[in-house]
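Coordinate inspection notes
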Amino acid sequence: TNSVEGLDPGFGTYGGTNSTDSSGTLKYVRVWYGGADIGGPRSEDSGNEINGITFAGVGSSTTVEFCEVAWNNDDGFEFFGGTVNVRWLSSIYNKDDAF
């Protein structure tokens, strides 16, 4: 197993052996003005913010299409491992990386 960066040990673990696993469907999803700071109490600008949408170990049978993240306080989309194929993503005006 692996861990998503920025989370305490034991939280955000992911992994597995089925690269074609389906985690379901995300279609026509919009995330605007997200990205809360999770660095602890009174942690404004701690550098540990929530991404718009995070994929961790997501398999290739998952459907992700026509999704948008805008004005997020960190990355728009972030991928940790996995084999998911995505189509038609929009990531604009985010504070950090688009993808």
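Everything that follows concerns the structure shown earlier in this document.
1. Notes on a nonpolar patch on the surface
Taken together, the side chains of Trp32, Tyr33, Trp71, Ile92 and Tyr93 present a nonpolar region at the surface, about 570 Å² in accessible area. By the secondary structure assignment, Trp32 is in strand 4 (residues 30-32). You can call Trp32 partly exposed: its relative accessible area is 37%.

2. With respect to the nonpolar core
Judged by nonpolar contacts, Ile53, Phe55, Val58, Val64, Cys67, Val69, Phe77 and Val84 together constitute the single largest core of 8 residues. When residues of this core are traced back to their parent elements, those giving at least two are strand 5 (53-56) and strand 6 (63-70). Per element, the largest residue contribution to this core is 3 residues, and it comes from strand 6. With residues up to four places along the chain from it excluded, the contact list for Phe77 reads Ile53, Phe55, Cys67, Glu68, Val69, Leu89, Ser90, Ser91, Ala98 and Phe99.

Quick notes on the rules
Residues numbered from 1 in each chain as written. Predicted model: local features only at pLDDT ≥ 70, side-chain atom pairs only at ≥ 80, totals over all residues. Heavy atoms only, no water. Patch = residues over 30% accessible without salt bridge, like charges linked within 9 Å, V, L, I, M, F, W, Y side chains within 5 Å. Areas by Shrake-Rupley, 256 points an atom, 1.4 Å probe, with all protein chains shown as cover. Salt bridge = Lys/Arg side-chain N within 4 Å of Asp/Glu carboxyl O. Helix = DSSP H or I, 4+ residues; strand = E, 2+ residues; numbered from the N terminus. Buried < 20%, exposed > 50% of the residue type's maximum accessible area, 1.4 Å probe, protein only. Core = buried A, V, L, I, M, F, W, Y, C linked by side-chain atoms within 4.5 Å. Contact = heavy atoms within 4.5 Å.

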